[in-house]
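Residue-level structure breakdown
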Amino acid sequence: MNVLGFESSCDETGVALVSTRQVGVPLLRAHALYSQVQMHAAYGGVVPELASRDHIRRALPLTREVLAAAGATLADVDVVAFTRGPGLAGALLVGAGVACALAAALGKPVLGVHHLEGHLLSPFLSADPPEFPFVALLVSGGHTQLMRVDAVGRYTLLGESIDDAAGEAFDKSAKLIGLGYPGGPALAALATQGRAGAYPLPRPLLHSGNLDFSFAGLKTAVLTQHRKLGTAATPQQLADLAASAQAAIVEVLVKKSLAALKQTGLDRLVVSGGVGANVELRRQLDDAARRRGLRVHYPELDFCTDNGAMIALAAAMRLQSGAAQASLDYGFEVRPRWPLDQIDTPIPARRPA
Ligand code: KG4
Ligand code: ZN
């Protein structure tokens, strides 16, 4: 079975083709990505309307590129998958519309995929895929969650951020320090020049006794510290502040992940989402894992941030495991807000026309 997948939930258009196999994880045949980062950078953040318009421009050329790279044609596609949510409504509608129109023209079924399930399963695209069950640390721009994962589609929420996501904490701290969008990678790069212990920043909810996170206070602390430094701040002081902010975020993520492993009695951690690309987070998790005899899995760097491969893969794994069925109903709906632990709740009934 060949699954063509579309990702368009935010500022990246991703398309990929995967093929299921008799045994093992589906095979990624080809994928292509167009990042809108440059376009949005001029505005300091994602402009939803511009994102939607650009997805329209990119979706079909990327599809052609993927099929050519895979040595396949549209006739080889058995199922068309798309990101149903969560994400920007207009951007999601573009991917859903393109996927459903293509599927309708081909007479093939469609499957809407949960974006976070895509992130969560993305480490299965790596050369060293994890085995179930595991604890997943999902750290993207909009979400910070710890989940217990027993099988495809069997996800139990262990804890999550009660305010800002970890990616947001990176992005907002970066903005306060005067770095551009997207802030996470820029803050991480500046942090390599700084001293992590330079400024005492809070580690919110570190000792809360549960697995929830809170990053809004950290942003305020970075703002306060930045104001104290004032306009005379030296490049070294800014690098120190970046390193201190990164250290605070990473310490909370690492400690809570270890606590989740202890609580569940599991010994495998899977990290996914854009913040999973952070080198310092990886270094500290690897260190802790080595000391405690744990395994940590990450997606390939290319598949940490949004991409089409994880959407095609999640669709193929859901179909293969029987967790979902593709449908010939092309009257698509998107779900801009959609908690992962409600992945199987039906879409609210459509209002009569
Ligand atoms: O998963 P993702 O691509 O998009 C969402 O679904 O949100 O995650 C994007 C987030 C952004 O907040 C970005 O700043 C952050 O991931 N990010 C990083 C790094 N690379 C991306 N944060 C810290 N260090 C990085 N190297
Ligand atoms: Zn994402």
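Use the structure listed above.
The model shown is predicted, which means the values in this text are computed figures rather than measured ones.

**A look at the overall build of the protein chain**
Secondary structure assignment for the protein chain yields 10 helices and 10 strands. Over its C-alpha atoms the protein chain spans a radius of gyration of 20 Å, differing by no more than 12% from the 20 Å that the globule rule assigns to 353 residues. Projected onto the principal axes, the alpha-carbon positions of the protein chain cover approximately 60 × 45 × 45 Å. Within the protein chain, buried positions represent 52% of all 353 residues. Considering only intrachain contacts with a sequence separation of at least 6, the fraction spanning at least 24 residues in the protein chain is 72%. Just so you have it, the protein chain exposes about 15,100 Å², and 54% of that area is on carbon and sulfur atoms.

**Brief notes about the nonpolar core**
If you look at the biggest cluster of nonpolar residues, it comprises 47 residues, and the most contacted ones within it are F215, L253 and V271. Of all the secondary-structure elements, those providing two or more residues to this core are β6 (134-139), α5 (166-177), α6 (183-191), α7 (216-229), α8 (235-264), β9 (268-272) and α9 (279-292). Among the elements that make up this core, the one with the highest residue count is α8 (14 residues). In this structure, V149, A312, L313 and I343 belong to the second largest nonpolar core, which totals 36 residues.

**A short note on the side chain of H119**
Along the chain, the position of H119 falls in helix α4 (residues 115-121). H119 gets classed as buried once you look at its relative accessible area, which sits at 0%. At a separation of 3.1 Å, a polar atom in the side chain of H119 contacts the side chain of H115. Ignoring anything within four residues of it in the chain, the contact list for H119 reads L138, S140, S272, G273, C304, T305, D306 and M310.

**Concerning the sheet that holds strand β2 (residues 12-19)**
The strand order across the open sheet built from five strands is β3-β2-β1-β4-β5, with neighbouring strands paired in mixed fashion. In this open sheet, the two edge strands, each paired with only one partner strand, are β3 (27-35) and β5 (110-114). Between one strand axis and the next, the sheet turns through 20 degrees on average, direction left out of account. Contacts from helix α3 (residues 89-106) reach β1 (2-7), β4 (79-85) and β5 within the one sheet, and its direction differs from that of β4 by about 160 degrees.

**Describing the pattern of salt bridges**
Scanning the model with the defined rule gives 16 salt bridges in all. Between D128 and R295 there is a salt bridge, and its shortest N-O distance comes to 2.6 Å. In this pair, D128 is assigned in the loop between α4 and β6 and R295 in strand β10 (residues 295-297), connecting sequence segments 167 residues apart. A salt bridge links D164 to K172; the shortest N-O distance between them is 3.4 Å.

Conventions adopted
Positions within a chain are numbered from 1, following the residues in the order the chain's sequence is written. Starting at A for chains and at 1 for ligands, labels are handed out in the order in which the entities are written. Under the rules for a predicted model, residues below a pLDDT of 70 receive no local features and side-chain atom pairs below 80 are neither given nor counted, while totals for whole chains, interfaces and linings still include all residues. The basis for every side-chain value is the complete set of non-hydrogen atoms in the structure, without hydrogens or water. Think of it this way: any DSSP run of H or I at least four residues long counts as a helix, any run of E at least two long counts as a strand, and we number them from the N terminus. This radius of gyration counts C-alpha atoms alone. The globule rule is 2.2 Å times how many residues there are, raised to the power 0.38. Only protein chains enter the calculation, and the probe is 1.4 Å; a residue is then buried if its accessible area is under 20% of its type maximum, exposed if over 50%, and partly exposed in between. For this analysis, residues touch if any pair of their heavy atoms sits within 4.5 Å. Areas reported as accessible are Shrake-Rupley estimates using a 1.4 Å probe. Residue values count occlusion only from the protein chains shown. Residues grouped as a nonpolar core are buried Ala, Val, Leu, Ile, Met, Phe, Trp, Tyr and Cys residues, joined through side-chain atoms within 4.5 Å. Within 3.5 Å is the distance limit for a polar contact, defined as a pair of N or O atoms, with the added protein rule that one can donate a hydrogen and the other accept it, and that residues adjacent in sequence qualify only through two side-chain atoms. Strands qualify as paired when DSSP identifies two bridges or more between them. Only C-alpha atoms enter the line fits that serve as axes; for helices the fit covers just the stretch in contact. Angles between N-to-C directions range over 0 to 180 degrees. A carboxyl oxygen of Asp or Glu within 4 Å of a side-chain nitrogen of Lys or Arg is what we treat as a salt bridge.

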